[in-house]
Amino acid sequence: MASTLARLGHSVLPLTDTLQTGSLVRGISASRDQGLKLLFGVHLPVPGGNLYLYPGDESGYVSLCRLVSLVFASSGNPIGEKDVLHTRSGALPAVREMHLQTLSGSIRAVGIGIGGMKILELLPLGIARYWGILRTNRNRQELARLGELASRAGAKPLAFPRVRVTRPLDRQLFRLIRALHANCLYDQVPLIRDALPESPECMAVNFSGDGEAIFEHQRFLHEHTWVPPLGTFHMPRVTSDSQESMKRLRALAEEGVRRRYPSVTTEVRDRLERELSVIEVKSFGDYFLAVHEIVQEAQHRGHRVLGRGSAANSIVSYALEMTHVDPLRYGLFFERFLNPERTSPPDIDLDFSWRLRDEIYEFLRNRWGKDRVALISTHVTLGGRGA
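Parameters at a glance
Residues numbered from 1 in each chain as written. Predicted model: local features only at pLDDT ≥ 70, side-chain atom pairs only at ≥ 80, totals over all residues. Heavy atoms only, no water. Buried < 20%, exposed > 50% of the residue type's maximum accessible area, 1.4 Å probe, protein only. Helix = DSSP H or I, 4+ residues; strand = E, 2+ residues; numbered from the N terminus. Pairing = 2+ DSSP bridges. Core = buried A, V, L, I, M, F, W, Y, C linked by side-chain atoms within 4.5 Å. Expected span 1.5 Å × (residues − 1). Arc of directions from axis to C-beta. Contact = heavy atoms within 4.5 Å. Phe/Tyr/Trp six-rings, centres within 6.5 Å; stacked < 30°, edge-to-face > 60°. Salt bridge = Lys/Arg side-chain N within 4 Å of Asp/Glu carboxyl O.

A. Examining the pairing of strand 3 (residues 49-55) more closely. Strand 3 sits mainly inside the fold: 7 of its 7 residues count as buried. Burial of strand 3 is two-sided: the residues Gly-49, Leu-51, Leu-53 and Pro-55 facing one way and the residues Asn-50, Tyr-52 and Tyr-54 facing the other way are all buried. Of the strand pairs in this sheet, strand 2 (residues 37-46) and strand 3 are connected by 5 bridges, and their pairing is antiparallel. Opposite Pro-45, over in strand 3, you have Asn-50 as the bridge partner. The antiparallel pairing of strand 2 with strand 3 creates a hairpin that spans 2 residues between the two strands, and Gly-48 there sits at a positive phi of about 75°. Looking at chain direction, strand 3 and strand 4 (residues 107-112) are connected through 6 bridges and run antiparallel. Note that in strand 4 the partner of Tyr-52 across the bridge is Val-110.

B. Representation of the nonpolar core within the structure. Judged by nonpolar contacts, the single largest core of 42 residues is most densely connected at Leu-44, Leu-51, Leu-53 and Leu-103. Counting 38 residues, the second-largest nonpolar core is a separate cluster that includes Leu-272, Ile-279, Tyr-287 and Ala-319.

C. Focus on helix 10 (residues 242-260). Compared with the 27 Å implied by 1.5 Å per residue over 19 residues, the 26 Å span of helix 10 between its first and last C-alpha is a close match. All of the buried residues in helix 10 are Ser-245, Met-246, Leu-249, Ala-253, Gly-256 and Val-257. Down the axis of helix 10, the smallest arc covering the buried residues is 100°, so these residues share one side. Turned more than 90 degrees from where helix 10 packs its buried face, Gln-243, Lys-247 and Arg-258 sit exposed. Residues of helix 10 that are buried make contact with helix 11 (266-281), helix 12 (285-300) and helix 13 (315-319).

D. Expanded view of helix 12. An ideal rise of 1.5 Å per residue puts 22 Å on 16 residues; helix 12 measures up with 22 Å between its terminal C-alpha atoms. Of all 16 residues making up helix 12, 13 are buried, and the element is well covered by its neighbours. Of the residues one or two after helix 12, Gly-302 is the one with positive phi, at around 85°.

E. Looking closely at the packing of aromatic side chains. Applying the stated criterion across every chain yields a total of 9 aromatic pairs. Between the aromatic rings of Tyr-52 and Phe-160, the centroid separation amounts to 5.0 Å while the plane-to-plane angle is 45°, which identifies the pairing as tilted. Taken as a pair, Tyr-52 in strand 3 and Phe-160 in the loop between strand 6 (156-159) and helix 7 (168-182) lie far apart in primary sequence, 108 residues in all. Overall, the relative accessible area of 12% leaves Phe-160 in the buried class. For the ring pair Tyr-261 and Tyr-318, a centre distance of 5.8 Å and an interplane angle of 70° mean the geometry is edge-to-face.

F. Structural context of the environment of Gln-243. Note on placement: Gln-243 falls in helix 10. With 40 residues separating them in the primary sequence, Gln-243 and Ser-283 have C-alpha atoms 9.3 Å apart.

G. A look at the pattern of salt bridges. Taken as a whole and judged by the stated rule, the model has 17 salt bridges. Between Glu-255 and Arg-259 there is a salt bridge, and its shortest N-O distance comes to 3.9 Å. Remark: Arg-259 and Glu-255 occur in helix 10; sequence separation between them is 4 residues, near one turn of the helix. According to the relative accessible area criterion, Arg-259 is partly exposed, its value standing at 45%. The partner of Glu-359 in a salt bridge is Arg-301, and the shortest N-O contact between them spans 2.8 Å. Placement of the pair is Glu-359 in helix 14 (residues 354-368) and Arg-301 in the loop between helix 12 and strand 7 (306-308), with a sequence separation of 58 residues.

Below is the structure:
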């Protein structure tokens, strides 16, 4: 999509995810590669329309992420039809009015269709509101009704050329993805009729009768949209500052070394100091402490923890009883686990008994907060060589 828009002369890559932000990282990279500005938002399907939310600052982005988390965290049976904005369809959870009330910061909201325009009125004050006009909106009666709703919500008209495919074949692929998502047959999903991307000049011709909508479209594209900077890791804070964390980690590691080694030799001491210095330089002290808390909790419940992978190359991991292999005895290199040139946090994989797993999940939710703990999954895709 990014390369197609750049080739056609566009300067912006509009990108929205439905109730998630999964494509954001790839969108940032693609927009940079093509020299485009990224316009990122979150899409909320609602009965009879759609709602698109675009963050203008970090606070707005955080509130959008919180909104999505709340939607999925409370996606059980709807409490009452009056409160429900989107009843379940396929794998999509229900969006409630109370979720929308959590929005804050700088956010621009675009309502599409009757349902989307009605939702604009439910948004908190301070959120910029727009009436998204599709080029298929040519029914005079419907346009009049939408205009009334826009006036009531204080929404400006906005030309909204929705594009989801870049070539005819993509319509069939999009249909297949929708069928997988809804767990239904391919033939049960309607084939979308979206137009292919056009040049800015052709797009303006399609909306030639809506001068104000075109004007707002140009201004909307070039207003600031906030996206998170890549390459920055935000570790959980176990203590008030990084120096205090390293002080605590050092004390725990030294205590563990004395427990692991009956005689703390110069080799042991030098290896420990070398590893701690790298951990401090990389600001991973809190990371080790957070993992150590998990190990302690499991031991407190009477279970052993088995750390595996390259974490076994670390004497600090060995001292904290995350792993149970002496890296000095077996000549394991710490640099395979962590070195000054590494830009990402090292992997510390812990294996528990299946009997303990749910208890550890509950411990983490209580320790850090239910809104700050999540289960993740690895999506396995079928590549060409494996087909």
